[in-house]
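Single-letter residue listing:
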Amino acid sequence: MAQRKRQLVSDELTEAALQLLALKGFDAVTIDEIVTTAGVSKRTFFRYFASKEDVVVQFLADMGTGIRAELAARPIEECPSAALQHAVSVPIAACADHSDRALRVVQLILRTPALLARFLERQAQWRDDLTAELARRLGLDPDTDLYPQLAAGMTLTAFNTVLHRWSDDGSAEDPSELTNRAFAIIAPALDAVERRTSPAHVHRGG
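Conventions and cut-offs
- Residues numbered from 1 in each chain as written.
- Predicted model: local features only at pLDDT ≥ 70, side-chain atom pairs only at ≥ 80, totals over all residues.
- Heavy atoms only, no water.
- Helix = DSSP H or I, 4+ residues; strand = E, 2+ residues; numbered from the N terminus.
- Buried < 20%, exposed > 50% of the residue type's maximum accessible area, 1.4 Å probe, protein only.
- Polar contact = N/O pair within 3.5 Å; in protein donor to acceptor, adjacent residues only side chain to side chain.
- Axes fitted to C-alpha atoms, helices over the stretch in contact; angles between N-to-C directions.
- Parallel < 35°, antiparallel > 145°, perpendicular 65-115°, else oblique.
- Contact = heavy atoms within 4.5 Å.
- Nonpolar A, V, L, I, M, F, W, Y, C, P; charged D, E, K, R; others polar.
- pLDDT = per-residue confidence, 0-100.
- Patch = residues over 30% accessible without salt bridge, like charges linked within 9 Å, V, L, I, M, F, W, Y side chains within 5 Å.
- Areas by Shrake-Rupley, 256 points an atom, 1.4 Å probe, with all protein chains shown as cover.
- Salt bridge = Lys/Arg side-chain N within 4 Å of Asp/Glu carboxyl O.
- Lys, Arg positive; Asp, Glu negative; His and termini not counted.
- Charge placed at Lys NZ, Arg CZ, Asp CG, Glu CD.

(A) Here's a closer look at the side chain of threonine 112. Mapped onto the fold, threonine 112 is located in the loop between α6 (99-111) and α7 (113-138). A residue is classified by how much of its surface remains accessible, and threonine 112, at 14% relative accessible area, is buried. At a separation of 2.6 Å, a polar atom in the side chain of threonine 112 contacts the main-chain carbonyl oxygen of leucine 108.

In structure tokens form, the structure reads like this:
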């Protein structure tokens, strides 16, 4: 119960912060404004986050965790391109569902140098996580086989390209459709891999 309450407070703070930051710009928003909007004390804010930047970083960390979890949950016999497209389509679809707010948050991250730097830093961790998950699914050694890291990198490049295009176009294009187009281009390379382990012998988790 306490854990659920902590999550609710964290979610409310994140929501209030992202809305304000997206609306007014990163530098124009104070922590005082965030806590007033969220209806909590400053002390409560600092119990969850170290700074305004940390709110966005946590949002990105959760997104990365979600992408790996989606990939891990895909049927083990599914071709890599389909599994990877599904994994990144979940946060993309969430953006499409809340397009106005999500577009402002994406633009905020991509157009604020400090936040873009943290976004790219987080993606290095995402790439490592996807590399490990791909190696597990395909029975490959991530230290000697080039495929897992290259495939993870291509997937995140496609993800970034979609976000940049969507952000630049001001949501004129559907991000889910952009994702389909991006993966149509990279799918042949993603599927050009030989599975070393039979799907029946790959265990979930790890």
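(B) Representation of the packing of helix α1 (residues 2-24) against helix α4 (residues 52-73) in the model. The contact between α1 and α4 brings their axes to 10 Å, and the two run at 110 degrees. Between α1 and α4, the interaxial angle falls into the category roughly perpendicular. Contacts between α1 and α4 involve Thr14, Ala17, Leu18 and Leu21 from the first element and Lys52, Val55, Val56 and Phe59 from the second. Partitioning the contact of α1 with α4 into residue classes produces six nonpolar, one polar and one charged.

(C) Structural context of the environment of aspartate 11. Note that aspartate 11 resides in helix α1. The spatial distance from the C-alpha of aspartate 11 to the C-alpha of leucine 190 is 35 Å, given a sequence separation of 179 residues.

(D) Focus on the confidence of the model for the protein. Residue-level pLDDT values for the protein average 86, and 92% of them are 70 or greater. The least confident element of the protein, judged by mean pLDDT, is α6 at 80; the most confident is helix α9 (residues 175-190) at 94. Predicted confidence is poor over residues 200-206, with pLDDT under 50, and the contacts of this stretch with residues over four places away or in other chains come to 12 contacts.

(E) Representation of a positive patch on the surface within the structure. Taken together, the side chains of Lys5, Arg6, Arg43 and Arg47 define a basic patch exposed on the protein surface. Residue assignment for the positive patch shows that the elements contributing at least two residues are α1 and α3 (42-48). Note that lysine 5 resides in helix α1.

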